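Per-entry structural report
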Amino acid sequence: MSQINKLKILNDPIYGFITIPNTLIYDLIQHPYFQRLRRISQMGLSYLVYPGAHHTRFHHALGCMYIMQKAVQTLKFKGVDISEEEENALYVAILLHDIGHGPFSHALENSVVEEVHHEELSLLFMEQLNAEFDGKLSLAIQVFKGEYHRKFMLQLISSQLDMDRMDYLKRDSFYTGVNEGNVNSERLIQMLNVQDDVLVMEEKGIYSIEKFLMARRLMYWQAYLHKTSVVAELTLTKILKRAKELATKGEVLFGSPFLLFFLNNKIELNQIDKTILDKFSNLDDYDVLGAIKQWQYHDDFVLSSLSKMIINRNLLKIELNEDKIDKIKYLELKEKYVKQYNLSDKEVEYFVFKGKIKNEAYSKSSEPIRILKKDKTIETVVEASDQMHLKALSKTVTKYFICYPKVID
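In this report, the structure presented in the accompanying data block is examined. Everything quoted here is computed from the prediction, not taken from an experiment. (Residues numbered from 1 in each chain as written. Predicted model: local features only at pLDDT ≥ 70, side-chain atom pairs only at ≥ 80, totals over all residues. Heavy atoms only, no water.)

1. Some points on the overall build of the chain
Applicable threshold: Comment: elements are numbered from the N terminus, with helices defined as DSSP H or I runs of at least four residues and strands as E runs of at least two. For a compact globule the rule gives 2.2 Å times the number of residues to the power 0.38, and the radius of gyration it is set against comes from C-alpha atoms. When a residue's accessible area, from a 1.4 Å probe over protein chains only, is under 20% of the maximum for its type it is buried; when over 50% it is exposed; and in between it is partly exposed. Should any heavy atoms of two residues lie within 4.5 Å, those residues are considered in contact. Calculation of accessible area relied on Shrake-Rupley with a 1.4 Å probe; when residues are assessed, cover is drawn exclusively from the protein chains displayed. Here the positive residues are Lys and Arg and the negative ones are Asp and Glu; neither His nor the chain ends is included. A charged residue contributes its charge at one atom only: NZ of Lys, CZ of Arg, CG of Asp or CD of Glu.
Within the chain, the regular secondary structure consists of 19 helices and 9 strands. The C-alpha radius of gyration computed for the chain amounts to 23 Å, which stays within 12% of the reference 22 Å derived for 409 residues, consistent with globular compactness. Structurally, the chain occupies a C-alpha span of about 70 × 65 × 35 Å along its principal axes. Within the chain, the fraction of its 409 residues that count as buried is 56%. Within the chain, contacts between residues separated by at least 24 positions form 72% of all contacts whose residues are at least 6 apart in sequence. Here the chain has roughly 18,800 Å² of accessible surface; of this, 50% comes from carbon and sulfur atoms. Computed over 53 positive and 55 negative side-chain charges, the separation of the two mean positions in the chain equals 4 Å.

2. Observations concerning the pattern of salt bridges
Note that side chains of opposite charge can pair when their charged atoms are close. Formally: Whenever a carboxyl oxygen of Asp or Glu lies within 4 Å of a side-chain nitrogen of Lys or Arg, that contact is scored as a salt bridge.
Overall, the coordinates contain 23 salt bridges when judged by the stated rule. Two residues, D284 and R39, come together in a salt bridge whose shortest N-O distance is 2.6 Å. Of this pair, D284 sits in the loop between α13 (274–280) and α14 (285–295) while R39 sits in the loop between α2 (32–35) and α3 (57–77); the two residues are 245 residues apart in sequence, bridging distant segments of the chain. One network of salt bridges, with partners in common, ties together R242, E245, K249, D300, K346 and E347.

3. Regarding the sheet that holds strand β4 (residues 198–202)
Worth spelling out the cut-off: Strand pairing is defined by DSSP finding a minimum of two bridges between the two strands. Every angle, taken between N-to-C directions, lies between 0 and 180 degrees, and every axis is a line fitted to C-alpha atoms, over only the stretch in contact when it is a helix.
The strand order β3-β4-β7-β8 describes an open sheet built from 4 strands, whose pairing is mixed. One side of each edge strand has no neighbouring strand; the edge strands of this open sheet are β3 (192–195) and β8 (378–380). Averaged over all neighbouring strand pairs, the angle between strand axes comes to 45°, with direction disregarded.

4. As for the pairing of strand β9 (residues 397–404)
The sheet contact formed by strand β5 (residues 317–321) and β9 spans 5 bridges and is antiparallel. Bridging from a neighbouring strand, L320 pairs with F401 of β9. Pairing of strand β6 (residues 353–359) with β9, which is carried by 7 bridges, proceeds in the antiparallel orientation. Its bridge partner being in β9, K358 is matched across the sheet by T398.

5. Quick look at the side chain of R217
Structurally, the position occupied by R217 is in helix α10 (residues 206–224). E360 provides the closest opposite charge to the buried, salt-bridge-free R217, at an N-O distance of 7.6 Å. Not counting chain neighbours up to four residues away, the residues in contact with R217 comprise N359, E360, A361, A392, L393, K395 and V397.

6. A few points about the nonpolar core
Rules: By convention a nonpolar core is built from buried Ala, Val, Leu, Ile, Met, Phe, Trp, Tyr and Cys residues, the set being connected through side-chain atoms within 4.5 Å.
In terms of nonpolar packing, the biggest core is built from 144 residues, with L96, L156 and W295 touching the most fellow members. In terms of residue count, α3 provides more of this core than any other element does, 11 residues in total. Residues contacting L96, with those up to four places away along its chain left out, are L28, F34, S122, M126, L129 and L137.

7. Quick notes on the sheet that holds β5
Picture the strands of a sheet paired through backbone hydrogen bonds; they go either parallel or antiparallel. Taken together, the 3 strands give an open sheet; going across it, the order is β5-β9-β6, and neighbouring strands pair in antiparallel fashion. A single partner strand is all that each edge strand has here, and the edge strands are β5 and β6. Across the sheet, the mean angle separating the axes of adjacent strands is 25° when strand polarity is ignored. Here α10 sits on the sheet and contacts β6 and β9; the angle it forms with β6, its principal contact strand, is near 160°. Where helix α16 (residues 327–341) meets the sheet, it contacts β5, β6 and β9, and its direction lies at approximately 25° from that of β9.

8. Quick look at unusual backbone geometry
Even without glycine at this site, D134 takes up a positive phi of about 55°. Relative to the helices and strands, D134 resides in the loop between α5 (118–132) and α6 (138–144). The phi torsion at R313 lies on the positive side, around 50°, for a residue other than glycine. Its place among the elements puts R313 in the loop between α15 (301–311) and β5.

9. Things to note about the packing of aromatic side chains
So the rule is basically this: Side-chain rings of Phe, Tyr and Trp (the six-membered ring for Trp) are treated as a pair once their centres are within 6.5 Å; stacked means planes under 30 degrees apart, edge-to-face means over 60, and tilted covers the remaining angles.
Considering all chains together, one arrives at 12 aromatic pairs under this definition. Seen from their ring centres, F34 and F58 are 5.4 Å apart, and the 55° between their planes marks the pair as tilted. Of this pair, F34 sits in helix α2 while F58 sits in helix α3, and the two are 24 residues apart along the sequence. Relative accessible area serves as the criterion here: at 0%, F34 is assigned to the buried category. Taking relative accessible area as the criterion, F58 reaches 8% and is therefore assigned buried. With 5.0 Å between their ring centres and 80° between their planes, F174 and Y175 make a pair best called edge-to-face.

Here it is, written out as structure tokens:
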């Protein structure tokens, strides 16, 4: 029997050819846990706004690994000592950083698997894979948890200028057609360096950072926080909440065995063992969309109405405001729909609700982006920049919204 060639080359529309660096990475990519990411959309329901946004977490994870390879090459070229084991740990950690995402990326976190975040699930998946791969992921897990002594390794995976952000901005920009998000990741990576085991950006790269932060701000307003994307994701969350509410009352619902398991059971982080993890690993966008297609015809008015909204893209109306939503208007709208559709006070909250969205391109409260100056001193990017707009980018902008039906069928 001939041996499988595991040093594959993949063709990516963003970067061209991506090389799988070794057999461990190949085997991780081939694992069912990772293959599931082909069936998890990167941008949730954003395709209802941008029809091209059908790319997946699988695409994104491979893209992150590619730019991590480029970052490691750059740092090694500049004399940063990175062992083969450390290099591999970086590839594994960035490849698996999103493996815990549920269907439509964030909707499940707020409805079905309550109070269990995808980062926590990613870690559980990595620990399970580590057991299956005889401890070969141990260093990657240490880095992912921030327990490894070389701080720059975690910063490459999770920081305000990490490989994750560099890929998703460029990739999401490409697939949505929102060109403002198209960051120059090659230039940013060429400017990376390490000083005292901390990730820094060389001073000549400061304008690239400013453009990167501006791209992030614009992508949030135009894509991630586009009002139609916001109302679609909130509607999806409410569908799943309603389904869970009905399931706990003993209502029989259509769904795959894996979706029904999570609808019928309240799962907390400390309960998740291999059996539950395997059930979660069988959940993807298709389970949720397949169920919602059927739930359109359910007897429950709330579940069927919300499901039709998603399937037919006939969504709730959403109004965005700079100021807080007027309480009288909110109560009047609720009262109107209670009477119009004979809803209870609890049921109307599925159709009339308010909230807020925040956009913060650069967080001053998080670990800063550090600039290595020519005299080898280090400043934060805000200190080093002469651009007033960078100070503006670090200001949180909050908008308030109210959602209510146009007409319910």
